[in-house]
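This is what each chain is made of:
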Amino acid sequence: MDSVQIIPLPVVDDLGLESLGCDIVIHDDLATVADLLAALDQFAGQYLADCKGCDGCCRERAPLIAADIPALASLLPAGSFPAHAVCAAFGELTVSDNGAADICFRRDPKSGACCLLDTKHKCCTAHPCRAFVCRSHFCIPRSDKLSRLREEIVNGGENELTRLLLAEEAQGARPLQDKPLSSQLSAADYPPNPHSGKAHYRDLIIKDIVSTSLWRQLKKEG
Ligand code: SF4
Ligand code: SF4
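Residues numbered from 1 in each chain as written. Chains lettered and ligands numbered in written order. Predicted model: local features only at pLDDT ≥ 70, side-chain atom pairs only at ≥ 80, totals over all residues.

Student: I would appreciate a short explanation of the nonpolar core in the present structure.
Tutor: Considering soluble globular proteins, one finds that nonpolar side chains tend to be buried as a cluster. With 49 residues, the main nonpolar core has Ile24, Val33, Ile65, Phe132 and Leu161 as its most contacted residues. At seven residues, helix H5 (residues 144-170) tops the list of elements feeding residues into this core. Non-local contacts of Leu161, meaning those with residues more than four positions away in its chain, are made with Leu64, Ile65, Ala66, Ile69, Ala83 and Ile103. (Core = buried A, V, L, I, M, F, W, Y, C linked by C-beta atoms within 7 Å. Buried ≥ 20, exposed ≤ 12 C-beta atoms within 10 Å, placed from the backbone. Helix = DSSP H or I, 4+ residues; strand = E, 2+ residues; numbered from the N terminus. Contact = placed C-beta atoms within 7 Å.)

Student: Before we go on, may I ask you to explain the site of ligand 2 in this structure?
Tutor: Taken together, Cys58, Ala62, Phe105, Cys114, Leu116, Leu117, Cys124, Ala126, Arg130, Ala131 and Cys134 form the complete shell of residues around ligand 2. Considered class by class, the residues forming the shell around ligand 2 number ten nonpolar, no polar and one charged. (Near = placed C-beta within 6 Å. Nonpolar A, V, L, I, M, F, W, Y, C, P; charged D, E, K, R; others polar.)

Student: Looking at this structure, how should I read the pairing of strand S3 (residues 91-95)?
Tutor: Remember that side chains alternate between the two faces of the sheet whenever the strand is regular. Pairing between S3 and strand S4 (residues 101-105): five bridges, direction antiparallel. Paired with Glu92 across the two strands is Cys104, which belongs to S4. Between S3 and S4, which pair antiparallel and follow one another directly, the connecting turn spans five residues, one of which, Gly99, has a positive phi of 85°. (Pairing = 2+ DSSP bridges.)

Student: Mind showing me how you'd approach unusual backbone geometry here?
Tutor: Excluding glycine, residues mostly carry a negative phi; peptide bonds, for their part, are mostly trans. Residues other than glycine seldom take positive phi values, yet Lys122 does so here, at roughly 55°. Relative to the helices and strands, Lys122 is located in the loop between strand S5 (117-118) and strand S6 (123-124). You can call Lys122 partly exposed: it has 15 C-beta atoms within 10 Å.

Student: Any chance you could explain the environment of Cys58 here in plain terms?
Tutor: Tracing the chain through its elements places Cys58 in the loop between helix H1 (33-47) and helix H2 (69-73). Residue classification places Cys58 among the buried positions, given that 23 C-beta atoms sit within 10 Å. Sequence separation between Cys58 and Thr119 is 61 residues, and the spatial gap between their C-alpha atoms is 9.5 Å. Apart from residues lying up to four places away in sequence, Cys58 is in contact with Ala113, Cys114, Leu117 and Cys124.

Student: I would appreciate a short explanation of the pairing of strand S2 (residues 18-26) in the present structure.
Tutor: With nine bridges connecting them, strand S1 (residues 4-12) and S2 associate as antiparallel partners. In the strand pairing of S2, Val12 is matched with Glu18. Here S1 folds back onto S2 in antiparallel fashion, the turn holding five residues, of which Gly16 has a positive phi close to 85°.

Student: Would you mind showing me how to read the site of ligand 1 here?
Tutor: Around ligand 1 sit Cys51, Cys54, Asp55, Gly56, Cys57, His137, Phe138 and Cys139, and that is every residue in its neighbourhood. A per-class count over the shell around ligand 1 returns five nonpolar, two polar and one charged.

Student: How should the environment of Tyr201 be read in this particular structure?
Tutor: For Tyr201, the location among the structural elements is in the loop between H5 and helix H6 (206-209). Here the alpha-carbon distance between Tyr201 and Ser80, two residues 121 residues apart in the chain, equals 21 Å.

Student: Teacher, can you tell me more about H5 here?
Tutor: Residues lying three or four places apart along an α-helix face the same way, a consequence of the helix completing one turn every 3.6 residues. Helix length check: H5, at 27 residues, gives a terminal C-alpha distance of 39 Å against a target of 39 Å (1.5 Å per residue), a fit within 8%. At the exit of H5 stands Gly172, carrying a positive phi of roughly 115°. (Expected span 1.5 Å × (residues − 1).)

Student: I keep staring at the packing of H5 against helix H7 (residues 212-219) and nothing clicks. Help me out?
Tutor: How two helices sit against one another is set out by the angle between their axes and by the gap between those axes. Interaxial distance between H5 and H7 falls to 10 Å at its minimum, and their mutual angle equals 135°. The orientation of H5 relative to H7 falls into the category oblique. Once H5 is placed against H7, the crossing between them reads as left-handed. Residues Lys145, Arg148, Leu149 and Glu152 of H5 touch H7, and the partners they reach there are Leu214, Gln217 and Leu218. In terms of residue class, the contact of H5 with H7 is made up of three nonpolar, one polar and three charged. (Axes fitted to C-alpha atoms, helices over the stretch in contact; angles between N-to-C directions. Parallel < 35°, antiparallel > 145°, perpendicular 65-115°, else oblique. Left-handed = near helix turned anticlockwise from the far one by under 90°.)

What follows is the structure, encoded as structure tokens:
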């Protein structure tokens, strides 16, 4: 049995109409984010039509996580500061007044289109290297636990990416904005977390990176 299964979830709307949603069951304590993505691909292949003709979700906010960086960096010349290189080429960094960083794919201010979207053909120009958030999105309802899983992975991974940017800046990377990130954020607010040192989705063991309460739900059958 696969370590992660994405399963159909019947969803009934306010009018009593039933549609397809998706849910998750995890069978193995060592299941990884790569296993999750493989299960999502398998579900999409079995139940969903492809996206040809639609680029809707490539015009929405798409945050980046640390484990997205190696694949995206492979599209660029090799360098010493991959997180900075990727964020400079494809990203947009904002720091809120309360000192929280947000790192997303850069989007066209008018159309909202991601900088990696081929708007003419409505397809991703970096499909094999696209981010976790792109790979894990379907436009059908998700169960609460699957939504929470995606959210916890993104939050932890984005915090780790912020930590990497601060570390690279301290080592001499050119700041992404006029003001250094270190003048806007405290490195103490971005300590190492369970995403640290995990460069690939296959290194991220789901049990280690989610809250205990969520893990209990994910391991519960049905
Ligand atoms: S997942 Fe849905 S919204 Fe996104 S591109 Fe495909 S069909 Fe369009
Ligand atoms: S990286 Fe590709 S899949 Fe992800 S939002 Fe941009 S165009 Fe869409």
